[in-house]
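# Inside the fold
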Amino acid sequence: NIRSHDGKVMEGQKSNASVVNTTEYIPTTQPRVLTFATRPPSGVIVSWHEPETPNGIVRYYIVGYMLEDASGNTTFMQVTGLSTAIDGLMPFRQYNVTVQAFTIGAGPAGSLSVVTDAITPSSPQHITVSNLTSNSLTVRWMPSINPNGNVKFY
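Residues numbered from 1 in each chain as written. Predicted model: local features only at pLDDT ≥ 70, side-chain atom pairs only at ≥ 80, totals over all residues. Heavy atoms only, no water.

## A look at a nonpolar patch on the surface
What counts is decided by this rule: Each patch is built from residues that are more than 30% exposed by relative accessible area and take part in no salt bridge. Like charges join if they lie within 9 Å; nonpolar side chains (Val, Leu, Ile, Met, Phe, Trp, Tyr) join within 5 Å. Only the protein chains shown count as cover for residues, and all accessible areas are computed by the Shrake-Rupley method using a 1.4 Å probe. Criterion for a salt bridge: a side-chain nitrogen of Lys or Arg within 4 Å of a carboxyl oxygen of Asp or Glu. Put simply, DSSP H or I for four residues or longer makes a helix, DSSP E for two residues or longer makes a strand, and each gets a number counted from the N terminus. Only protein chains enter the accessibility calculation, which uses a 1.4 Å probe; a residue is then buried when its area is under 20% of its type maximum, exposed when over 50%, and partly exposed in between.
Taken together, the side chains of I127, V129, L132, L137, V139, W141, V151 and Y154 present a nonpolar region at the surface, about 790 Å² in accessible area. Every element with two or more residues in the nonpolar patch is listed here: β10 (125–130) and β11 (138–142). As for its placement among the helices and strands, L132 is situated in the loop between β10 and β11. Take L132: its relative accessible area is 64%, and that puts it in the exposed class.

Pasting the structure below:
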């Protein structure tokens, strides 16, 4: 039935129903709500939600990560779920993580900055002892090459 603008109801001949499937396309939106949790000793777990407009079936996600102060050294992996663990990172460092949904191609990337946990620093360098007396001595050293966090005292 069709109702006209003046309120009259008109009946017409019914047509056969038809089903049309559209083709897939690349996602036009990025994965949503990227979050992370640290994973001791030197990793993170990154989680996300499917893009608002995937434009098809998301086959997998492309997760990339790199040190934030590095250039061009991005590591990529394919993930079929909505989270992944990234292990083997350097301690107490900032990384940039990106996530893209892939249908027939990769969509735009969502990004997140993560910081790994601090761990025990390496030993101080060039330790020397001088001015030995019966009740005192002087100890000098250079800071650790790998502090692995903020060293607050020695």
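## A few points about the sheet that holds strand β8 (residues 94–102)
Two orientations exist for strands paired in a sheet by backbone hydrogen bonds: parallel and antiparallel. Convention followed: A pair of strands is considered paired only if DSSP assigns at least 2 bridges between the two. Axes here refer to lines fitted to C-alpha atoms; in helices the fit is confined to the stretch in contact. Angles between the N-to-C directions go from 0 to 180 degrees.
Spatially, the four strands line up as an open sheet ordered β6-β5-β8-β9, and their pairing is antiparallel. With one partner strand each, in any of the chains shown, β6 (75–79) and β9 (110–115) form the two edges of the open sheet. Neighbour-to-neighbour, the strand axes of the sheet open up by a mean angle of 25°, direction not taken into account.

## A look at the confidence of the model for the protein
Parts of the prediction with low pLDDT should not have their coordinates interpreted in detail. Formally: One number per residue, pLDDT, summarises how confident the predictor is, and it ranges from 0 to 100.
For the protein, mean pLDDT is 89; residues scoring 70 or higher make up 94% of the total. Taken element by element, the predicted model of the protein shows its lowest mean pLDDT in strand β1 (residues 2–3) (60) and its highest in strand β7 (residues 83–86) (97).

## Side note on the environment of T74
Structurally, the position occupied by T74 is in the loop between β5 (60–67) and β6. Residue T74 is classed as partly exposed on the basis of its relative accessible area, which comes to 31%. Along the backbone, T74 and I45 are 29 residues apart, and their C-alpha atoms lie at a distance of 17 Å.

## Points about the nonpolar core
The cut-off we apply is this: As used here, the term nonpolar core means buried Ala, Val, Leu, Ile, Met, Phe, Trp, Tyr and Cys residues forming a set that is joined through side-chain atoms within 4.5 Å. For this analysis, residues touch if any pair of their heavy atoms sits within 4.5 Å.
Core analysis: the biggest nonpolar cluster contains 18 residues, and V46, W48, V63, I86 and V97 have the highest contact counts within it. Among the secondary structure elements, those contributing two or more residues to this core are β4 (43–49), β5, β8 and β9. Once residues within four sequence positions are removed from consideration, W48 is found in contact with P31, R32, V33, L34, Y61, V63, V79, G81, L82, S83, T84 and V99.

## What to know about the pattern of salt bridges
In the structure shown here, the tally under the stated rule is four salt bridges. For R59, the salt bridge goes to E24, with nearest N and O atoms at 2.8 Å. Residue R59 is located in the loop between β4 and β5, and its partner E24 is located in the loop between β2 (9–10) and β3 (32–39); the two are separated by 35 residues in the primary sequence. Its relative accessible area of 40% is what places R59 among the partly exposed residues.

## Some words on the sheet that holds β4
With antiparallel pairing, the three strands of this open sheet are ordered in space as β3-β4-β7. The sheet is open, and its two borders are formed by β3 and β7, each paired with just one other strand. Going from strand to strand, the sheet's axes swing by 20° on average, the running direction of each strand aside. In this structure, β3 lies alongside β4, joined through six bridges in antiparallel fashion. Its bridge partner being in β4, R32 is matched across the sheet by H49.

## Observations concerning the environment of T138
To keep it simple, the criterion reads: A 3.5 Å cut-off defines polar contacts: any pair of N or O atoms within that distance qualifies, except that in protein one atom must be a possible hydrogen donor and the other a possible acceptor, and neighbouring residues in sequence count only when both atoms are side-chain atoms.
Mapped onto the fold, T138 is located in strand β11. Since its relative accessible area comes to 25%, T138 is described here as partly exposed. The sequence separation of T138 and T128 amounts to ten residues, and the corresponding C-alpha distance is 8.1 Å. At a separation of 3.4 Å, a polar atom in the side chain of T138 contacts the side chain of N131.

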